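Residues per chain, in single letters:
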Amino acid sequence: MKEPTCETRQHYRHHFVNLHHKYCCKTRSGHCVYPRSKLRYGAALACAHYRPSQAPQGEQSF
């Protein structure tokens, strides 16, 4: 079983590259917004506040 990471977390928000007024490419980093906003890398091991994401894999909820 894989260990949970920030990227699969409910409160994780990816950073995207804005190219020609479109957000087209995900970066390796983002923000964890619970319990406060913190810069995180998607591959980092999840913290004690981890809850699995409710969005289907490959789909980003905004």
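Source: prediction; values computed, not measured.

Asks: Tell me about the overall build of the protein, and name the residues and values.
Replies: Each helix and strand counted, the protein has 0 helices and 3 strands in total. Relative to its 62 residues, the protein shows a buried fraction of 18%. Considering only intrachain contacts with a sequence separation of at least 6, the fraction spanning at least 24 residues in the protein is 47%.

Asks: An account of the sheet that holds strand β2 (residues 22-32) is needed here, citing residue identities and associated values.
Replies: As summarised here, the arrangement of the 3 strands in space is β1-β2-β3, forming an open sheet in which the pairing is antiparallel. Across the chains shown, the open sheet's two edge strands, defined by having one partner strand only, are β1 (12-19) and β3 (38-41). Neighbouring strand axes in the sheet, compared pairwise and without regard to direction, differ in orientation by 55° on average. As defined by bridge partners, β2 adjoins β3 across 4 bridges and the pair is classed as antiparallel. Within β3, the residue paired with Cys32 across the bridge is Lys38.

Asks: Tell me what's going on with the environment of Ser29, and back it up with residues and numbers.
Replies: If you trace the backbone, Ser29 turns up in strand β2. On the accessibility criterion, Ser29 (15% relative accessible area) is buried. Residues Ser29 and Ala44, spaced 15 residues apart in sequence, show a C-alpha to C-alpha distance of 9.6 Å.

Asks: Lay out the pairing of β1 in plain terms, naming residues and giving numbers.
Replies: For β1 and β2, the ladder comprises 7 bridges, and the chain directions are antiparallel. When the bridges of β2 are listed, Asn18 appears paired with Tyr23. Joining the antiparallel neighbours β1 and β2 is a turn of 2 residues, in which His20 adopts a positive phi near 55°.

Rules and cut-offs
Residues numbered from 1 in each chain as written. Predicted model: local features only at pLDDT ≥ 70, side-chain atom pairs only at ≥ 80, totals over all residues. Heavy atoms only, no water. Helix = DSSP H or I, 4+ residues; strand = E, 2+ residues; numbered from the N terminus. Buried < 20%, exposed > 50% of the residue type's maximum accessible area, 1.4 Å probe, protein only. Contact = heavy atoms within 4.5 Å. Pairing = 2+ DSSP bridges. Axes fitted to C-alpha atoms, helices over the stretch in contact; angles between N-to-C directions.

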